[in-house]
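The residues making up each chain are set out below.
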Amino acid sequence: MERRKEKEIQRPDPELIKQFYAVSSATASASLREMGIRLTYIEGPLARKPGAKVVGPAVTLQFMPQREDIASGEGQESAEQRSALWQVLEYIDPGDIIVVEAKGDRRTGCFGEMLLAYLQTRGGIGAVVDGCIRDYPQVREYDLPIWTVGFTPNYASQSDLFPWDFNVPIACGGVLVMPGDIIIADDDGAVIVPPKLAPRILESTLAREEQETFERTMLLKGGALSKYYPLSEEGMKEFDEWKANKKKESGE
C-alpha cells in the first residue's frame, strides 16, 4: 500500500524521545499540570505487561459509532479489512506507539493477535487503547507492551463501533491526542506530552525526578516527613549539598 502524504505524521527528534525514558508518567503529568496543561493522563487503559515502559510518537486510530449503510451484515468483516484499522498499520515506523479512541467500549476488539503481531513486526513499540482487544492469551506472549481497558472475544466491527480514520486528532480516555504527540506509558498509565513543550517539560521533569530521588532516599533512611516531603528550607539546603556532591563524584 502506498502511503498518502496527508496521513504522514511529524515525529519528534529521536534523541528527545530517548531522554524522556528517564521521566515517569507521574512526573510528566505533574510538570504539565504546573504549566497549566491539565488533561494529559489517558484515563482507563491499564498496563498489561507489568514493569514495561515505552516512550514514542503517537500514531492515532479513531473508532466511530456504526451506521448500517456503511458496513453491516455478512460483508462487514470484509469491509473492516479495507478500513482505517488495516491502513493505519502501514504508517507505523520503528518506535511508534498506536493510540486508539474506542470510547471505553467493552464489546469492540480494536485489535487481535494478527494485527498486533504486524504492529510489532513494523517496529511499533506499544499500543494504548481506551477500549478492548481480543486474543489476549496469545497477545500477552508478545514482546509488545499494551495498555487497555479490558478484553473481549469480539472482532473490531462486531459490536457498536467501526474503525473510521487514522492520524487525525482523537479523544482517547478523555484526552485530546494529536498525531505525533509524545506518549509516556508505564505502570501508572499513559500520558501525552505536546512536542512543542517537550524541551521545557524535560528540563522540569528531570529536575523533579532528581529531587524525588533525594526525598525518597532520606525518607527511607528514617528522615522526617515534615522536612523531606515536601522539602523544608533545611531539607532544600541538604538537597543542594547532595547535588553538589553527586557532581563532584561524577567529575562534572
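No experiment lies behind these values; they were computed from the predicted model shown.

*Asks:* Just to check I follow, could you spell out the pattern of salt bridges for this structure?
*Replies:* Oppositely charged side chains are able to pair whenever their charged atoms sit close together. If you walk through the whole model with that rule in mind, you get 15 salt bridges. Between R11 and D93 there is a salt bridge, and its shortest N-O distance comes to 3.4 Å. Taken together, the residues R11 in the segment before α1 (14-19) and D93 in the loop between α4 (84-87) and β4 (97-101) connect sequence positions 82 residues apart. Given the relative accessible area of 24%, D93 is considered partly exposed. For R11, the salt bridge is made with D96, and the minimal N-O distance between the two is 2.7 Å. Of this pair, R11 sits in the segment before α1 while D96 sits in the loop between α4 and β4; the two residues are 85 residues apart in sequence, bridging distant segments of the chain. Owing to a relative accessible area of 26%, R11 belongs among the partly exposed residues under this scheme. By sharing partners, the salt bridges in this structure join R3, E8, R11, D93 and D96 into a single network.

*Asks:* So what exactly am I meant to see when it comes to a nonpolar patch on the surface here?
*Replies:* Side chains of L219, L225 and Y229 sit close together on the surface and give an oily, nonpolar patch of about 300 Å² of accessible area. You can see L219 is positioned in helix α7 (residues 198-220). A residue is classified by how much of its surface remains accessible, and L219, at 31% relative accessible area, is partly exposed.

*Asks:* Would you take a moment to explain the packing of aromatic side chains for this structure?
*Replies:* Two measures describe an aromatic ring pair: the distance that separates the ring centres and the angle between the ring planes. Overall, the coordinates contain 6 aromatic pairs when judged by the stated rule. With centroids separated by 6.0 Å and ring planes inclined at 70°, the aromatic side chains of F214 and Y228 adopt a geometry described as edge-to-face. Placement of the pair is F214 in helix α7 and Y228 in helix α8 (residues 225-228), with a sequence separation of 14 residues. Residue F214 shares its accessibility class with Y228, and that shared class is buried. Consider the rings of F239 and W242, whose centres lie 5.9 Å apart with planes at 25°: the pair is stacked. Here F239 pairs with W242, and both are found in helix α9 (residues 233-250), just 3 residues apart, close to one helical turn. Here K7 stacks its cationic end above the ring of F166, 5.0 Å away from the centre of that ring.

Cut-offs and rules
- Residues numbered from 1 in each chain as written.
- Predicted model: local features only at pLDDT ≥ 70, side-chain atom pairs only at ≥ 80, totals over all residues.
- Heavy atoms only, no water.
- Salt bridge = Lys/Arg side-chain N within 4 Å of Asp/Glu carboxyl O.
- Helix = DSSP H or I, 4+ residues; strand = E, 2+ residues; numbered from the N terminus.
- Buried < 20%, exposed > 50% of the residue type's maximum accessible area, 1.4 Å probe, protein only.
- Patch = residues over 30% accessible without salt bridge, like charges linked within 9 Å, V, L, I, M, F, W, Y side chains within 5 Å.
- Areas by Shrake-Rupley, 256 points an atom, 1.4 Å probe, with all protein chains shown as cover.
- Phe/Tyr/Trp six-rings, centres within 6.5 Å; stacked < 30°, edge-to-face > 60°.
- Lys NZ or Arg CZ within 6 Å of the ring centre and 35° of its normal.

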